[in-house]
Amino acid sequence: MKINWGTGIVIAVGLFMSFILYFVIKVQSNSKYDNELVVEEYYKHDARFGEEMERVQNAQDLDQKPTITNDATGITIVFPDVFTPDQIKGKVSLYRPSNKILDFDTPISLSNPTLLIPKSKLVGGRWDINMEWQYGGKSYLTKEVIYVN
């Protein structure tokens, strides 16, 4: 049986389509390749984007900014001395891009200018930190990426 070039092209395209379809089905059915949304209620989050940028700008405009560091004890957030610790309210959201189950929030309730998130709560790898806080009637948002070993 002799196959001409037209039949060969049709067979090649058919095999290529089967190959692609196999991987699409494999990725959709296997829980190892989870397709989680980055943010729940994405469109509501996107509608408040202007407010978020205003809070980020408020944080950037500060002369003395809070510092977020990673050390052997965990993630340490230190507020400058110009802030009265017990008047700072808000929350710190730790977001793990690779696994939604590991995400958690920590409220900001301070008696001294330092907040420690212990290393025992953290798994090694990348963490996105969003610190939403209020002080003196003004809202701030500080974003940082930390890598934990």
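Chemist: How should I be thinking about the overall build of the chain in this particular structure?
Modeler: Of the regular secondary structure elements, the chain holds 3 helices and 7 strands. Listing the helices and strands of the chain from first to last along the sequence gives α-α-α-β-β-β-β-β-β-β. Over its C-alpha atoms the chain spans a radius of gyration of 24 Å, topping by over 25% the 15 Å that the globule rule assigns to 149 residues. Taken over the C-alpha atoms alone, the chain extends approximately 85 × 35 × 25 Å along its principal axes. Out of the 149 residues belonging to the chain, those deemed buried represent 26%. When contacts within the chain are restricted to residue pairs at least 6 apart in sequence, long-range pairs at least 24 apart make up 57% of them. Approximately 10,500 Å² of the chain is accessible, and the part contributed by carbon and sulfur atoms is 57%. Within the chain, one finds 16 positive and 18 negative side-chain charges whose respective centroids are separated by 9 Å.

Chemist: Teacher, can you tell me more about the sheet that holds strand 3 (residues 89-95) here?
Modeler: Sheet strands line up and pair through hydrogen bonds in the backbone, either parallel or antiparallel. If you trace the 4 strands from one edge of the open sheet to the other, you get 4-3-6-7, paired in antiparallel fashion. The two strands at the open ends of the sheet, each matched to only one other strand, are strand 4 (104-109) and strand 7 (138-148). Across the sheet, the axes of successive neighbouring strands diverge by a mean angle of 20°, strand direction being ignored. As paired strands, strand 3 and strand 6 (residues 125-135) are joined by 7 bridges and run antiparallel to one another. Bridge assignment links G90 to a residue of strand 6, and that residue is W133.

Chemist: I keep staring at the environment of Y43 and nothing clicks. Help me out?
Modeler: Looking at the element boundaries, Y43 is found in helix 2 (residues 42-47). Expressed as a C-alpha distance, the spacing of Y43 and E144, which sit 101 residues apart in the sequence, is 23 Å.

Chemist: I keep staring at the pattern of salt bridges and nothing clicks. Help me out?
Modeler: As a working rule, side chains carrying opposite charge can pair if their charged atoms are close by. The tally for this structure, following the rule as stated, stands at 4 salt bridges. A salt bridge links E52 to K143, with the shortest nitrogen-to-oxygen separation between them at 2.6 Å. In this pair, E52 is assigned in helix 3 (residues 49-60) and K143 in strand 7, connecting sequence segments 91 residues apart. On the basis of relative accessibility, which here comes to 7%, the residue E52 falls in the buried class. On the accessibility criterion, K143 (46% relative accessible area) is partly exposed. When the shortest N-O distance is used, the salt bridge between K91 and D105 registers 3.7 Å.

Chemist: Looking at this structure, how should I read helix 1 (residues 5-29)?
Modeler: Its 25 residues place the ends of helix 1 36 Å apart at the C-alpha level, agreeing with the 36 Å of an ideal helix rising 1.5 Å per residue. The N-capping residue of helix 1, defined by a side-chain oxygen 3.3 Å from the backbone nitrogen of G6, is N4.

Chemist: Hey, could you run me through the side chain of D128 in this one?
Modeler: When you line up the elements, D128 lands in strand 6. Polar side-chain contacts of D128 include one of 2.8 Å to the side chain of R126.

The rules behind these values
Residues numbered from 1 in each chain as written. Predicted model: local features only at pLDDT ≥ 70, side-chain atom pairs only at ≥ 80, totals over all residues. Heavy atoms only, no water. Helix = DSSP H or I, 4+ residues; strand = E, 2+ residues; numbered from the N terminus. Rg over C-alpha atoms; globule rule 2.2 N^0.38 Å. Buried < 20%, exposed > 50% of the residue type's maximum accessible area, 1.4 Å probe, protein only. Contact = heavy atoms within 4.5 Å. Areas by Shrake-Rupley, 256 points an atom, 1.4 Å probe, with all protein chains shown as cover. Lys, Arg positive; Asp, Glu negative; His and termini not counted. Charge placed at Lys NZ, Arg CZ, Asp CG, Glu CD. Pairing = 2+ DSSP bridges. Axes fitted to C-alpha atoms, helices over the stretch in contact; angles between N-to-C directions. Salt bridge = Lys/Arg side-chain N within 4 Å of Asp/Glu carboxyl O. Expected span 1.5 Å × (residues − 1). Polar contact = N/O pair within 3.5 Å; in protein donor to acceptor, adjacent residues only side chain to side chain.

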